[in-house]
Amino acid sequence: MTDEWRIAGAAKDLQTITARWTPSAMRLIEGVAIREVLNVPKSNGYLTEIFRRDWPEAHGEVDQIFQVVLEPGAISAWHAHSETIDRLFVCHGLMRIVLYDARPDSPTRGAINELRFGTIRPALIHVPPRVWHGVQNVSQGPAILINAVDRAYDYEDPDHWRAPVDSPAIPFNF
């Protein structure tokens, strides 16, 4: 077999995804877990499980569930909690979910995980305390994210820390 068909400057693609369509080089941040779920076709639409207590990724209680609606292109970043576990599930649209590990004692300190989940590829993402995260709607219409936290929002003393979307401390640009 000859390589005469190749043109100057052409390069062979390197592996970027696995057979399960996950990024091949991505090592998940310590404590982060992803549970991909399937849409179950029904005669009148489809059903999608969002959370089950018996899933390994569901460790801990659920104390509050809330939804966030983002308009096309909108970004909600950066935030982290000192104690609270976030469990993120995009139930409508498509969102880019980015995680950053700034924990000094973590084996994945400095790691970034960039994920895309939504209506057609649903997943529950377990975000441990002290992992910075942000989301961006990459859909043409509104996108909806559900969060099932293990500690309800404390109005008088929020366990919620924020940094600007363009924080130089986080090596990622939305």
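Description of the structure in this document. What you see is a predicted model, and the numbers here were worked out from it, not measured in a lab.

Where strand β5 (residues 75-80) lies against strand β10 (residues 131-137), 3 bridges are found, and the strand directions are antiparallel. Of the residues in β10, the one forming a bridge with Ile75 is Gln136. Taken together, the 2 bridges between β5 and strand β12 (residues 161-162) define a ladder with antiparallel strand orientation. Paired with His79 across the bridge in β12 is Arg162.

Overall, antiparallel pairing links the 5 strands, which are arranged β1-β9-β6-β11-β4 in an open sheet. The two strands at the open ends of the sheet, each matched to only one other strand, are β1 (33-36) and β4 (64-70). Each strand of the sheet is rotated relative to its neighbour by a mean of 20 degrees, with strand direction disregarded.

Met95, Ile97, Leu99 and Ile125 are the most contacted members of the largest nonpolar core, which has 18 residues in total. Among the secondary structure elements, those contributing two or more residues to this core are β6 (86-92), β7 (94-101), β8 (112-118), β9 (123-127), β10 and β11 (143-149). Setting aside residues up to four positions removed in sequence, Met95 forms contacts with Leu70, Val90, Leu115, Arg116, Phe117, Val135, Gln136, Asn137, Val138, Ala143, Ile144 and Leu145. Grouped together as the second largest cluster of nonpolar side chains are 9 residues, Ala77, Trp78, Ala163 and Phe172 included.

How each quantity is defined
- Residues numbered from 1 in each chain as written.
- Predicted model: local features only at pLDDT ≥ 70, side-chain atom pairs only at ≥ 80, totals over all residues.
- Heavy atoms only, no water.
- Pairing = 2+ DSSP bridges.
- Helix = DSSP H or I, 4+ residues; strand = E, 2+ residues; numbered from the N terminus.
- Axes fitted to C-alpha atoms, helices over the stretch in contact; angles between N-to-C directions.
- Core = buried A, V, L, I, M, F, W, Y, C linked by side-chain atoms within 4.5 Å.
- Buried < 20%, exposed > 50% of the residue type's maximum accessible area, 1.4 Å probe, protein only.
- Contact = heavy atoms within 4.5 Å.

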